[in-house]
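Listed below are the residues making up each chain.
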Amino acid sequence: MKITDYIKDNILYLDGGLGTLLQAQGLKSGELPERWNITHSDVLVKIHRDYFDAGSNVVNTNTFGANSLKFDDNELETIIKSAMDNAKKAREMSDTAHEKWIALDLGPTGKMLAPYGDFDFEDAVNVFKKTVELGVKYGADLIFIETMNDSYETKAALLAAKECSDLPVFVSNAYGEDGKLMTGASPSAMVAMLEGMGADAIGVNCSLGPKALSGVVCEYLKYSSLPVILKPNAGLPKSVDGKTVFDVAPDEFACEVRKLIEKGVRLAGGCCGTTPEYIKKLVDTAKDVTPLPIKDKNITFVSSYTHSVEFGSRPVLIGERINPTGKKRFKEALRANDVDYILKEGIAQQEKGVDILDVNVGLPEIDEEKMLKTAVCELQAIIDLPLQIDSSDAVAMETALRRYNGKAMINSVNGKKESMEAVFPLVKKYGGLVVALTLDESGIPDNADDRVNIAEKILNEAKKYGIDKKDIIFDPLALTVSADNNAGKETLRAVKLITEKLDCHTSLGVSNVSFGLPRRDIINSSFFTLAMGNGLSAAIMNPYSTEMMQAYYSFCALAGLDDSCTDYIDFAQNLVVTSSATVEKTLEVGKEQYKSELQKAIVKGLKEQAAVLTKALLDTNEALSIVSEEIIPALDIVGSGFEKKTVYLPQLLMSAEAAKSAFEVIKESMSGTDNTSTKATIVIATVKGDIHDIGKNIVKLLLENYGYNVVDLGRDVPPENVVESTVSLHAPIVGLSALMTTTVPAMEETIKLLRKHAPWCKVVVGGAVLTQEYADAIGADHYSKDAMETVRYAEALN
């Protein structure tokens, strides 16, 4: 039986943790567990068999960290072949009668993808492809992507799995206590992206225990039309007599997971700290639970790297200004490759309150494919709004969709055969909400009924590609009323018919209706209000138009879409009647939290602008005063937002990069002087056996921006090397990072050596597997739950 058929009617039980079991069998600190597939195959066979015997339907191979960044091609192939052989042998030896499958386990690479790190998206895809190809070659039944804490790397892994195999793909992400991924994605954002790309089951693993993850799981159950996965830890880890133990026992674990199975979880197992005993207890506890039906939630939404935007509750605003049509200055920016101009346009529209940004860079004289890719990558690096990728060039469209971090709007397809053949395969592969124009080979029909007929034709063709109508939003095309008195009326009727007859969403480029007329905003805003009254789901519009924004906020208030008229009141209070007063008020509000344009550029992550503004300020200000009064306060604004969970890691990193650009200008101006001193020297390292350096690299970037001299020893660093550097530099602070449970003993060993040879040194530790209690138990001076906390600790000591 196919596993995808089995989960339609049954609970699928997964396996549990592996690292702690290998440690119990003698895995040494710093030793790579994947090599045990070869050197200790008997141990792996027994663990896999114990899981099968406990009731697991799926066992993951010991390949979590098996990738080409860690092993050369020959060793990687030997490891994966051995891992598959071990799991197959365990399955053959298990005498229980239930269905059994073997999953190729794919974990994160440990690298941060560009632009936040130095690892290119396509390089990540290729790393995952090598592992997937070998897993397929040696007989995996499915691919299990797990413990991903970055949406972009998750996409890279899923893309690799889909491009290299036709096996089922399960995807599970690791969420923090705030209910977000490390890089900021909400559960609904991940559901939107992963469903769109064709994952077969999605969900949550690692990080926390079942009770602590229940909120995230319930979000998945609310939004997902796919089977939902749950593989929680056995609570939180702590160190007892030098061993890692967890605080949730099998009985409690099974009871809490059962509750979530009763709510709709379809695939259940365990992660760190769980054992075959946990899985057996879970299977026994939940054996009488009748699985709830897996229902299509019929949600139309798009997503960015942080959040989703849902269509249907209130009209969605799509900013139209990143488009060269009729915009001389924007055309100049495209020709000059002035990406900063595009970024500032995006930020300005975000500040005006749009939900989505339309991105169109089509000019005949430029390389549209290259520019569209650049614009999408740069915009999503500093702005957390979903993007509408707008191009008539299918090649440019695919390039941009491939790099987009989320589920994009795709603008557009139409009823022409060649258009559907070009665009629908892209929608199916990359996911997306496609804008469908109601025109075909015969042109744009004059009347609404014929436009609805084209919409029906598009829906029928989309079905052939496996695209549901929830992923299509129709644009019934606003035509100019100055050329046809009935144009506005027919478009409004088409909006209503598509909404009510086809039960589909609609979008309009509102401003087309007023072409050729004076004071166009008057017509546009009235038409916008009428369209919303007829069920319009979204509008591509000019957010700088006071009339359009008045229409939007007043409609939402009158239609019962604005609780207590809160949004309307906020908008109206910042609106002044006279044009000059309006400008004055806008400037006042816009600069409220920023002392200067440089501070704003740093907060918004505009690297080039930060450098230019710093250079200009040096004409009238002392270099060190710019650092203390402009750059550091800007970093504090972002850091404070990060700590309050209003700013997410990508924004923090891009702000740090902008500050770095400003610092470079400062340093250059001070070369040859004695005023280039930094604060204390801090030694940082990822401990022996751990190749994951994302957290360490983030800490380094932030500390350097705050003026510290950071000596980065890299990853997989032996304790002796950390001590040697600390002693030679007489460093007052050492930062140690570990992502994996199996490498925490190496951290403890490093701390013991530091206490012996560098007793003056303060040790700060961090990483996904650590807690305050765990840090205390291994002798650390401070536990930092995130990078900013490390900065705050250093500042307190400085």
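Structure shown above.
Rules used in this analysis
- Residues numbered from 1 in each chain as written.
- Predicted model: local features only at pLDDT ≥ 70, side-chain atom pairs only at ≥ 80, totals over all residues.
- Heavy atoms only, no water.
- Helix = DSSP H or I, 4+ residues; strand = E, 2+ residues; numbered from the N terminus.
- Rg over C-alpha atoms; globule rule 2.2 N^0.38 Å.
- Contact = heavy atoms within 4.5 Å.
- Areas by Shrake-Rupley, 256 points an atom, 1.4 Å probe, with all protein chains shown as cover.
- Lys, Arg positive; Asp, Glu negative; His and termini not counted.
- Charge placed at Lys NZ, Arg CZ, Asp CG, Glu CD.
- Salt bridge = Lys/Arg side-chain N within 4 Å of Asp/Glu carboxyl O.
- Buried < 20%, exposed > 50% of the residue type's maximum accessible area, 1.4 Å probe, protein only.
- Pairing = 2+ DSSP bridges.
- Axes fitted to C-alpha atoms, helices over the stretch in contact; angles between N-to-C directions.
- Core = buried A, V, L, I, M, F, W, Y, C linked by side-chain atoms within 4.5 Å.
- 1 Å grid on protein atoms, 1.4 Å probe; cavity = no way out; pocket = protein on both sides within 12 Å on 5 of 7 lines; lining within 4 Å.
- Points joined across faces, edges and corners; volume = space filled by probe spheres on them.
- Nonpolar A, V, L, I, M, F, W, Y, C, P; charged D, E, K, R; others polar.
- Right-handed = clockwise from strand over helix to strand, strands pointing away.
- Phe/Tyr/Trp six-rings, centres within 6.5 Å; stacked < 30°, edge-to-face > 60°.
- Arc of directions from axis to C-beta.

Enquirer: Please explain the overall build of the protein chain as it appears in this structure.
Expert: Broken down by element type, the protein chain carries 31 helices and 25 strands. Taking 2.2 N^0.38 as the reference for a compact globule, 798 residues should give roughly 28 Å; the C-alpha atoms of the protein chain span a radius of gyration of 28 Å, in line with that estimate. The long-range fraction of contacts in the protein chain, counting pairs at least 24 apart against all pairs at least 6 apart in sequence, stands at 75%. Only carbon and sulfur atoms are counted for the fraction: they give 49% of the accessible area of the protein chain, which is about 31,400 Å². Averaging the positions of the 85 positive and the 113 negative side-chain charges in the protein chain gives two centres separated by 2 Å.

Enquirer: What am I meant to see in the pattern of salt bridges here?
Expert: Two side chains that carry opposite charge are able to pair once their charged atoms sit near each other. Per the counting criterion, the structure on display carries 45 salt bridges. Two residues, K407 and D471, come together in a salt bridge whose shortest N-O distance is 2.6 Å. Of this pair, K407 sits in the loop between α15 (394–403) and β16 (409–414) while D471 sits in the loop between α17 (448–464) and β18 (472–475); the two residues are 64 residues apart in sequence, bridging distant segments of the chain. The residues K407 and D471 share a single accessibility class, namely buried. Here E629 makes a salt bridge to K595, at a shortest N to O gap of 3.6 Å. Placement of the pair is E629 in helix α25 (residues 623–643) and K595 in the loop between α22 (579–590) and α23 (597–604), with a sequence separation of 34 residues. One salt-bridge network, in which partners are shared between bridges, spans E122, K129, E163, R402 and K429.

Enquirer: Looking at this structure, how should I read unusual backbone geometry?
Expert: Negative phi values dominate among residues other than glycine, just as trans dominates among peptide bonds. With an omega dihedral of 10 degrees, the bond running from A114 to P115 counts as a cis peptide bond. By the element assignment, P115 lies in the loop between β3 (101–106) and α6 (121–137). Between N411 and S412 the backbone carries a cis peptide bond, its omega angle lying at 20 degrees. Of note, S412 is situated in strand β16. Of note in the backbone geometry, L477 takes a positive phi value of approximately 70 degrees without being a glycine. Mapped onto the fold, L477 is located in the loop between β18 and α18 (487–500). Residue class for L477 comes out buried when judged on its relative accessible area of 12%.

Enquirer: I would appreciate a short explanation of the sheet that holds β18 in the present structure.
Expert: Picture the strands of a sheet paired through backbone hydrogen bonds; they go either parallel or antiparallel. Strand order in the closed barrel formed by 8 strands is β13-β14-β15-β16-β17-β18-β19-β20, with parallel pairing between adjacent strands. On average, each strand axis in the sheet is tilted by 30 degrees relative to the strand beside it, whichever way the strands run.

Enquirer: What exactly am I supposed to notice about the nonpolar core here?
Expert: Proteins that are soluble and globular tend to have nonpolar side chains buried together. In terms of nonpolar packing, the biggest core is built from 217 residues, with I145, Y220, I261, I389, F474, F528 and I631 touching the most fellow members. Per-element accounting of this core gives the leading share, 11 residues, to helix α26 (residues 649–670). What Y220 contacts, discounting residues up to four positions off in sequence, is N173, Y175, P187, M190, V191, I202, G203, V204 and V228.

Enquirer: So what exactly am I meant to see when it comes to empty space enclosed by the protein here?
Expert: Any empty space left between the atoms is revealed when a probe the size of a water molecule rolls over them. Going through the model one piece at a time under the given rule, you end up with 2 cavities of 30 Å³ or more. A volume near 50 Å³ is recorded for the largest cavity. C206, S207, N233, P237, F246, C272, T741, A768 and V769 are the residues that line the largest cavity. Class assignment of the residues belonging to the lining of the largest cavity gives a composition of 6 nonpolar, 3 polar and no charged. Its boundaries defined by the atoms lining it, the second largest cavity holds a volume of some 40 Å³. Along its surface, the second largest cavity is lined by K28, S29, G30, E31, P33, G689, M740, T742 and T743. Residue classes in the lining of the second largest cavity are distributed as 2 nonpolar, 5 polar and 2 charged.

Enquirer: It is not clear to me how the pairing of strand β22 (residues 709–712) should be interpreted in this structure. Could you clarify?
Expert: In the case of a regular strand, side chains alternate between the two sheet surfaces. With 4 bridges joining them, strand β21 (residues 681–686) and β22 adopt parallel strand pairing. Each bridged residue has a counterpart across the sheet, and for T681 the counterpart in β22 is N709. Regarding the hand of the β-α-β motif, the stretch spanning β21, helix α27 (residues 694–705) and β22 is right-handed.

Enquirer: Is there a simple way to think about the packing of aromatic side chains in this case?
Expert: Two measures describe an aromatic ring pair: the distance that separates the ring centres and the angle between the ring planes. One pass over the structure, following the stated rule, counts 10 aromatic pairs. Judged by centre distance (6.0 Å) and plane angle (75 degrees), the ring pair of F144 and F170 falls under edge-to-face. On the criterion of sequence distance, the pair formed by F144 in strand β4 (residues 142–148) and F170 in strand β5 (residues 169–173) is long-range, its members being 26 residues apart. Taken as a pair, F144 and F170 share a single burial class, namely buried. On the basis of an interplanar angle of 50 degrees and a centroid distance of 5.5 Å, the ring pair of F424 and Y465 is categorised as tilted.

Enquirer: Help me understand the sheet that holds β22 in this model?
Expert: Overall, parallel pairing links the 5 strands, which are arranged β22-β21-β23-β24-β25 in an open sheet. Every interior strand has two partners, whereas the edge strands, β22 and β25 (782–783), have only one. Taken strand by strand, α27 contacts β21, β22 and β23 (733–737), and its axis lies near 160 degrees from that of β22. Against the sheet, helix α29 (residues 744–757) contacts β23 and β24 (762–766), and its axis sits at roughly 170 degrees relative to β24.

Enquirer: Help me out: how do you make sense of helix α24 (residues 607–617) in this one?
Expert: Given 3.6 residues per helical turn, the α-helix brings residues three or four places apart onto the same face. Looking only at α24, the buried set comprises Q609, A610 and T614. What you see down the axis of α24 is that its buried residues fit within an arc of 135 degrees, all on one side. For α24, the exposed residues lying more than 90 degrees away from the buried face are E608, V612 and K615. The secondary structure elements touched by the buried residues of α24 are α13 (339–352), α23, α25 and α26.

Enquirer: Help me understand the pairing of strand β15 (residues 387–390), please; the structure alone is not making it clear to me.
Expert: Residues L387 and I389 point to one face of β15 and Q388 and D390 to the other, with burial holding for every one of them. Looking at chain direction, strand β14 (residues 356–359) and β15 are connected through 3 bridges and run parallel. By the bridge assignment for β15, L357 is matched with L387. Read as a crossover between parallel neighbours, the route from β14 over helix α14 (residues 368–382) to β15 is right-handed. Crossover β15 to β16 through α15 is right-handed.

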